[in-house]
Amino acid sequence: MSRDRDAMGRPLVAVTGIGVVTSLGQGVADNWAALTAGRSGIHAITRFPTEGLRTRIAGTVDFIAADPMVAPLLSQRFAEAAADEAVGQSGLSGDFPGALFMAVPPVEIEWPQRQALAEAAATNGDVTYADLLRAAASRRFDDWHDLFIFGTVADRIADRFGTRGSPISLSTACSSGATAIQLGVEAIRRGEVEAALCIGTDGSVNPESLIRFSLLSALSTQNDPPEAASKPFAKNRDGFVMGEGAAALVLEDAARARARGARILGYVLGCGEKGDGFHRTRSSPDGAPIIAAIRAALDDAGLHPDRIDTVNAHGTGTPENDKMEAMGCLAVFGERMRSVPISSNKSMIGHTLTAAGAVEAAFSLLTIAHGRVPPTLNYAIPDPAIPLDVVTAARDVPVTTVLSNSFGFGGQNTCLVFGAEPA
């Protein structure tokens, strides 16, 4: 194996840029300082009225605004901030010399825009389909048409950073950010590109999203105090808290990165995914797809489970998800899993949904760089059915490899292995 090839002879994939935006702040430095200090970014929602809602808290990013305040435009703003930081750190000036792989939330026209369209179409208080078509034909709403197309955010980011080829927009539920990284890794390994800009972004904290997740009984309803609501792996966990933000990674063929004198921040050593057709929202009760995804990532990295130093958990804080993740990890790592440090940053930033896999990838790489495992907040009552070493205060330990798990609705399971050096 050469210095820049893995055991399978494939190009090693190096990370040369990282950018992050969450409710903890903008930029890697602010996020890492808050994360390791155990500071929560979850707070009462002020963006819109919450009276009558069962859940009135979220990890919203209130220091970046958009007009209108809708998911695709907020997602674009977050992605721009994260990509600016990542590309700047990589030292790749000018047009980006590679492809864009971008995880974006599913989009649909939101209630304020629906209401405006209905009001423009109304005749005698009634709204027919013909009326809506007539209102749309007035061309007053052309900007909205462009805004609410699924591929618009990626198209705008591609234009902004000058990426090559057609940008890829993707949505694999809560594993989307990890999937974007996986696609970038695979493209570099196949020799199709020398670099990839991989982004996960999500700005979809809005009333309709809160209501929909509440109807699934997926959200925590412990609104006071907000920072105590998200309790991954704790016995008294009662659901996740919505969050938002973005993360961007610049991936490069390691040989190319070294040749241009880039600073290598870490490597993506392995990617594993497994689809689970069991249910639209629930995991297969035997845990087989989760187990298969973890094993596939380790096999792809050429690593035995004993080589993993810590696990960046999906750790949503929902009763079933945490149980299934623990079952999967214990099945793969055996009794050793009881002493492998595991942590969930969703306890501090909430579940950033489409962005989560990318945000957690960034935090995994920072864990390696600093040798510090961030804490999991609110783990006051351990669940005896989940015998894990949950990190409750930032823990300084040597870290050379991290397994990062992302498990989404609809059976989308993606796991990534990050390393300080090649396997």
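In this text, all values refer to a predicted model and were calculated from it rather than measured experimentally.

1. Here's the deal with the overall build of the protein
Part 1: Scanning the protein for helices and strands turns up 13 helices and 16 strands.
Part 2: The C-alpha atoms of the protein give 21 Å as radius of gyration, which agrees with the globular expectation for 423 residues (22 Å, within 12%).
Part 3: Counting only C-alpha atoms and orienting by the principal axes, one finds that the protein spans roughly 75 × 50 × 40 Å.
Part 4: Sequence-distant contacts, at least 24 apart, represent 78% of the contacts inside the protein between residues at least 6 apart.
Part 5: When the accessible surface of the protein is totalled, it reaches about 16400 Å², and 51% of it is carbon and sulfur.

2. A short note on helix H11 (residues 319-333)
Part 1: Across its 15 residues, H11 extends 22 Å between first and last C-alpha, which sits within 8% of the 21 Å expected from 1.5 Å per residue.
Part 2: Three or more residues of H11 are buried, namely Asn321, Asp322, Met324, Glu325, Ala326, Gly328, Cys329, Val332 and Phe333.
Part 3: Buried residues along H11 sit against helix H10 (288-301) and strand E15 (401-408).
Part 4: Backbone geometry just after H11 places Gly334 at a positive phi near 65°.

3. Notes on the packing of helix H7 (residues 176-189) against helix H13 (residues 356-370)
Part 1: Look at H7 against H13: their axes get within 4 Å of each other, and the N-to-C directions meet at 70°. What the angle tells us is that H7 and H13 run roughly perpendicular. Residues Gly177, Ala178 and Ile181 of H7 lie in contact with H13, whose contacting residues are Gly357, Ala358 and Ala361.
Part 2: Here the residues of the contact of H7 with H13 are counted per class, giving four nonpolar, two polar and no charged.

4. Digging into the pairing of strand E9 (residues 266-275)
Part 1: Most of E9 sits inside the fold, with seven of its ten residues counted as buried.
Part 2: Judged from the three bridges that link them, strand E1 (residues 13-22) and E9 form a sheet pairing that is antiparallel. Along E9, the bridge assignment pairs Val13 with Val268.
Part 3: Here eight bridges tie E9 to strand E16 (residues 412-419), and the two strands are oriented antiparallel to one another. Counterpart to Lys274 in the pairing with E16 is Asn413.

5. Re the side chain of Ser214
Part 1: Position of Ser214 among the secondary structure elements: in helix H8 (residues 207-215).
Part 2: Apart from residues lying up to four places away in sequence, Ser214 is in contact with Arg54, Thr55 and Leu219.

6. Observations regarding the domain arrangement of the protein
One frequent convention defines the size of an interface as the accessible area lost when the parts assemble.
Part 1: We note that the domain assignment places domain 1 (13-107 + 149-419) and domain 2 (111-147) within the protein.
Part 2: Computed over C-alpha atoms, the centres of domain 1 and domain 2 are 37 Å apart.
Part 3: In total, domain 1 and domain 2 occlude about 690 Å² of area from one another, counting both sides; carbon and sulfur atoms represent 50% of this.
Part 4: Contact with domain 2 buries area across many residues of domain 1, yet Ile149, Arg156 and Glu208 alone supply 54% of it, more than any other trio.
Part 5: The partner of Asp146 in a salt bridge is Arg156, and the shortest N-O contact between them spans 2.9 Å.
Part 6: Viewed at the interface, domain 2 and domain 1 are joined by four residue pairs in polar contact (both at pLDDT 80 or more).

7. Details of the nonpolar core
Part 1: Ile18, Ile181, Leu249, Leu251 and Val268 are the most contacted members of the largest nonpolar core, which totals 46 residues.
Part 2: With eight residues, H13 is the largest single contributor of residues to this core.
Part 3: Here Val268 is in contact with Val13, Val15, Ile181, Val185, Arg189, Leu251, Val417 and Phe418, once residues within four sequence places are set aside.
Part 4: Counting 34 residues, the second largest nonpolar core, distinct from the first, contains Phe233, Ala234, Ile294 and Ala313.

8. Some thoughts on the environment of Val250
Part 1: Structurally, the position occupied by Val250 is in strand E8 (residues 245-253).
Part 2: Ignoring any residue separated from it by four or fewer positions in sequence, one finds Val250 in contact with Ala14, Val15, Thr16, Gly17, Ala86, Val87, Ser90, Leu92, Phe96, Ala196 and Leu197.

9. Remarks on the side chain of Thr50
Part 1: For Thr50, the location among the structural elements is in the loop between strand E3 (43-44) and strand E4 (57-58).
Part 2: When its relative accessible area of 11% is taken as the criterion, Thr50 is described as buried.
Part 3: Not counting chain neighbours up to four residues away, the residues in contact with Thr50 comprise Ile45 and Arg56.

10. Focus on the packing of helix H2 (residues 71-90) against helix H6 (residues 152-161)
Part 1: Orientation of H2 relative to H6, taken along the N-to-C sense of each, is 30°, at an axis distance of 10 Å. Of the possible angle classes, the one that applies to H2 and H6 is roughly parallel. Helix-helix and strand crossings are classified by hand; for H2 and H6 the assignment is right-handed. Residues Pro72, Leu73, Ser75, Gln76, Ala79, Glu80, Ala83, Asp84 and Val87 of H2 form the contact with H6, whose participating residues are Val153, Arg156, Ile157, Arg160 and Phe161.

11. Some words on H7
Every α-helix carries 3.6 residues per turn, so stepping three or four residues along brings you back to the same face.
Part 1: The end-to-end C-alpha distance of H7, which contains 14 residues, comes to 20 Å, matching closely the 20 Å that a straight helix rising 1.5 Å per residue would cover.
Part 2: Among the 14 residues of H7, twelve are classified as buried, and the element is accordingly described as predominantly covered.
Part 3: Every buried residue of H7 is listed here: Ser176, Gly177, Ala178, Thr179, Ala180, Ile181, Gln182, Gly184, Val185, Ala187, Ile188 and Arg189.
Part 4: Two residues or fewer after H7 comes Gly191, characterised by a positive phi angle close to 80°.

12. Notes on the environment of Asp4
Part 1: Turning to its location among the elements, Asp4 is positioned in the segment before E1.
Part 2: You can call Asp4 buried: its relative accessible area is 18%.
Part 3: Spatially, the C-alpha atoms of Asp4 and Ala257 are 9.9 Å apart, while their sequence positions differ by 253 residues.
Part 4: With residues up to four places along the chain from it excluded, the contact list for Asp4 reads Arg10, Pro11, Leu12, Ala254, Ala255 and Arg258.
Part 5: Polar side-chain contacts of Asp4 include one of 2.8 Å to the side chain of Arg258.

13. Some details on unusual backbone geometry
Part 1: Residue Asp67 is joined to Pro68 through a cis peptide bond whose omega torsion reads 5°.
Part 2: Within the fold, Pro68 resides in the loop between E4 and H2.
Part 3: A cis amide bond links Asp224 to the next residue, Pro225, at an omega of 0°.
Part 4: In this structure, Pro225 sits in the loop between H8 and E8.
Part 5: Here Ser217, not a glycine, exhibits a phi torsion of approximately 55°, which is positive.
Part 6: As for its placement among the helices and strands, Ser217 is situated in the loop between H8 and E8.
Part 7: Note on Ser217: relative accessible area 59%, which makes it exposed.
Part 8: Not every positive phi belongs to a glycine, and Asn378 is a case in point at roughly 65°.
Part 9: In this fold, Asn378 is placed in the loop between strand E12 (372-373) and strand E13 (389-390).
Part 10: Using a relative accessible area of 23% as the deciding quantity, one classes Asn378 as partly exposed.

Quick notes on the rules
All chains use their own residue numbering, which begins from 1 and follows the written sequence. Residue-level local features of this predicted model are given only where pLDDT is at least 70; pairs of side-chain atoms are given and counted only at 80 or more, and the full residue set underlies all totals for whole chains, interfaces and linings. Hydrogens and water are ignored here; the side-chain numbers use all heavy atoms of the structure. Only DSSP runs of H or I covering at least 4 residues are called helices, and only runs of E covering at least 2 are called strands; the numbering of each starts at the N terminus. In this setup the radius of gyration rests on C-alpha atoms only. A globule is expected at 2.2 Å times the number of residues raised to 0.38. By definition in these notes, contact holds between two residues if any of their heavy atoms fall within 4.5 Å. In these tables, accessible area is a Shrake-Rupley quantity obtained with a 1.4 Å probe, and a residue counts as shielded only by the protein chains included in the view. By definition here, a helix of n residues has an expected span of 1.5 Å times n minus one. Buried, partly exposed and exposed residues are distinguished by accessible area as a fraction of the type maximum, computed with a 1.4 Å probe on protein chains only: under 20%, between the cut-offs, and over 50%, respectively. Axis lines are fitted through C-alpha atoms, for helices just across the contact stretch, and the angle between N-to-C directions can take any value from 0 to 180 degrees. To sort the angles, those under 35 degrees are grouped as roughly parallel, those over 145 as roughly antiparallel, those from 65 to 115 as roughly perpendicular, and the leftovers as oblique. Three classes are used, and their members are as follows: Ala, Val, Leu, Ile, Met, Phe, Trp, Tyr, Cys and Pro are nonpolar, Asp, Glu, Lys and Arg are charged, and the others, Gly among them, are polar. Two strands make a pair as long as DSSP finds a minimum of two bridges between them. Domain limits in this description derive from either an automatic procedure or a database domain assignment. Values labelled buried area give the accessible surface lost by two parts on being combined, using a 1.4 Å probe and summing over both. The term salt bridge refers to a side-chain nitrogen of Lys or Arg lying within 4 Å of a carboxyl oxygen of Asp or Glu. We define a polar contact as two N or O atoms separated by no more than 3.5 Å, with the added condition that, inside protein, one atom must be a possible hydrogen donor and the other a possible acceptor, whereas residues neighbouring each other in sequence contribute only through side-chain atom pairs. Here, nonpolar core refers to any group of buried Ala, Val, Leu, Ile, Met, Phe, Trp, Tyr and Cys residues whose side-chain atoms link them within 4.5 Å. Handedness of each helix crossing follows the sense of rotation of the near helix against the far helix: counterclockwise by less than a right angle gives left-handed, clockwise gives right-handed.

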